[in-house]
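Commentary on secondary and tertiary structure
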Amino acid sequence: MSGSPRNAPPELPSVTVRAPAKVNLLLQVGPRRDDGFHDLVTVFQAVSLHEEVTVTPAEEFTVTVEGVGGTDVRGVPLDDSNLAVRAARLLAERAGVTEAVHLHVRKEVPVAGGMAGGSADAAAALVACDALWRLRSGLDALAELGAELGSDVPFGLHGRTAVGTGRGEHLAPVLTNASFAWVFVLGEEGLSTPTVFAECDRQRASGYEPRPGRLEAVETALRSGDADALGAALSNDLQDAAFALAPGLAATIAVGRRAGALAGIVSGSGPTVALLAPSAPAARRLALDLAPVFGTERLRTATGPVPGARVLEAVSTPTPGGRS
Ligand code: ATP
């Protein structure tokens, strides 16, 4: 075919998508399954720390990574194992696209911090390539692809607040009008998610009795918008395992509580600690008060819930002779 049909949308040489980090308000870990995964009941909340992925047509799939706001990106692979590259390749393969892209990832989310930064990159890459290649796959189809890449990818696409079951990939939204304010204390070193799950299994070798009613308590607090009630309801079954592997984490939570946080919890598999504040101004004050202890480079304030992966910018090539 030569030329473009009349009224065709303009060519899109680059698309930028933003996707959020998550914190688990509840992380209930069931026994290890035969496939090595654990059945989870979790409540995700998307928070206002974001990744940005820009995709541009290229000869081959390549990736560059940039840290934003002091994010240390040394642990991020720059080869085909990068989750954003894997996402772009998977979508191309399934949609029969023969073009490749360069991906530029701007990371605000701590790497290996238990906040699903890599999953957010994959979610953003799926949405960006879907727009660039004009596939119009729809959120559900992208989420199904995303689940093949990682359990947290579907949530990166949907965002907001959701109950996750299975490996965390089956999502049901939780409606809440309230906004919650967080201070995140970054760990000094990353924790590997499989190592934390293995430690949890080891600790449970002598038995495990799940506490009933935890999901209901979180859902009630979210619906009422009561930050005190949410603080009381936060719980994470991986926390003791994270404490065993990174012994400073319990003290970090205690310091946060003494400085005025309503509650503190290890985020996902850690080592980031999430401190819940009574309001956004209180979160900013809390971060200021904690700065002499942890250093500003280890502190981030954020609010949640926020939306999932969204196109920020699609830059068109001006048509020669056309108006700009
Ligand atoms: P989760 O909570 O989803 O288990 P996490 O938030 O603890 O993960 P990530 O930042 O998502 O951690 O990264 C986990 C590991 O994945 C990193 O140590 C890194 O080696 C690998 N990885 C692959 N692609 C990426 C990416 N685009 N960004 C960050 N890490 C990546």
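By the bridge criterion, 8 bridges tie strand β2 (residues 38–58) to strand β4 (residues 100–107) in an arrangement that is antiparallel. Residue pairing for β4: alanine 58 is matched across the bridge by alanine 100. For strand β3 (residues 62–67) and β4, the ladder comprises 6 bridges, and the chain directions are parallel. In the strand pairing of β4, valine 63 is matched with leucine 103.

Right, let's get into empty space enclosed by the protein. Inspection of every chain in the model, using the stated rule, returns 1 cavity of 30 Å³ or more. Reported here for the largest cavity is a volume of approximately 50 Å³. Lining the largest cavity, in full, are Pro20, Ala21, Lys22, Ala46, Ala116, Ser119, Ala120, Asp152, Phe155 and Gly156. Where the lining of the largest cavity is concerned, the elements lending two or more residues are β1 (14–32), α2 (117–132) and α4 (153–158). The greatest single-element share of the lining of the largest cavity, amounting to 3 residues, is contributed by β1. Residue composition of the lining of the largest cavity, grouped by class: 6 nonpolar, 2 polar and 2 charged.

To continue, consider unusual backbone geometry. Note the cis peptide between glycine 270 and proline 271, where omega equals 10°. By the secondary structure assignment, proline 271 is in the loop between β9 (263–266) and β10 (273–277). Residue proline 305 is bonded to the preceding glycine 304 through a cis peptide linkage, with omega at 5°. Tracing the sequence through the fold places proline 305 in the loop between β11 (299–304) and β12 (310–315). Residues other than glycine seldom take positive phi values, yet alanine 112 does so here, at roughly 50°.

Put simply, helix α9 (residues 248–258) and helix α10 (residues 280–294) touch, their axes get as near as 10 Å, and they point 140° apart. As summarised for this structure, α9 and α10 are arranged oblique, according to the angle between their axes. The chirality of how α9 crosses α10 is right-handed. Mapping the contact onto sequence places Thr252, Val255 and Gly256 in α9 and Leu286, Leu290, Val293 and Phe294 in α10. The residue makeup of the contact of α9 with α10, split by class, is 5 nonpolar, 2 polar and no charged.

A word on the domain arrangement of the protein. Taken domain by domain, the protein consists of domain 1 (14–174 + 307–315) and domain 2 (180–304). Contacts between the two partners involve 31 residues from domain 1 and, on the opposite side, 35 residues from domain 2. When domain 1 packs against domain 2, the two sides together hide about 2400 Å² of surface, and 62% of this comes from carbon and sulfur. The interface formed by domain 1 and domain 2 contains 1 salt bridge. Arginine 32 is paired through a salt bridge with aspartate 201; the nearest N and O atoms lie 3.9 Å apart. Put simply, domain 1 and domain 2 have 13 residue pairs in polar contact (both at pLDDT 80 or more) between them. Residue assignment for the side of domain 1 that touches domain 2 shows that the elements contributing at least two residues are β1, β2 and β5 (161–166). Per-element accounting of the side of domain 1 that touches domain 2 gives the leading share, 10 residues, to β1.

Moving on, we get to the site of the ligand. Around the ligand, a shell composed of 21 residues is seen, among which Ala112, Gly114, Ala116, Gly118 and Thr193 lie nearest. Between a nitrogen atom of the ligand and a main-chain N or O atom of leucine 83, the distance comes to 2.9 Å. A distance of 2.9 Å separates a nitrogen atom of the ligand from a polar atom in the side chain of lysine 107. In the complex, 78% of the free accessible area of the ligand, which totals 620 Å², lies under the protein chains. The pocket occupied by the ligand, as judged from atoms lying within 2 Å of grid points, is the largest pocket. No other element matches the 4 residues that α2 contributes to the shell around the ligand.

Thresholds applied
Residues numbered from 1 in each chain as written. Predicted model: local features only at pLDDT ≥ 70, side-chain atom pairs only at ≥ 80, totals over all residues. Heavy atoms only, no water. Pairing = 2+ DSSP bridges. Helix = DSSP H or I, 4+ residues; strand = E, 2+ residues; numbered from the N terminus. 1 Å grid on protein atoms, 1.4 Å probe; cavity = no way out; pocket = protein on both sides within 12 Å on 5 of 7 lines; lining within 4 Å. Points joined across faces, edges and corners; volume = space filled by probe spheres on them. Nonpolar A, V, L, I, M, F, W, Y, C, P; charged D, E, K, R; others polar. Axes fitted to C-alpha atoms, helices over the stretch in contact; angles between N-to-C directions. Parallel < 35°, antiparallel > 145°, perpendicular 65-115°, else oblique. Left-handed = near helix turned anticlockwise from the far one by under 90°. Contact = heavy atoms within 4.5 Å. Domains from an automatic or database assignment. Buried area = accessible area lost by both parts, 1.4 Å probe. Salt bridge = Lys/Arg side-chain N within 4 Å of Asp/Glu carboxyl O. Polar contact = N/O pair within 3.5 Å; in protein donor to acceptor, adjacent residues only side chain to side chain. Near = heavy atom within 4 Å. Areas by Shrake-Rupley, 256 points an atom, 1.4 Å probe, with all protein chains shown as cover. Sits in = over half its atoms within 2 Å of the grid points.

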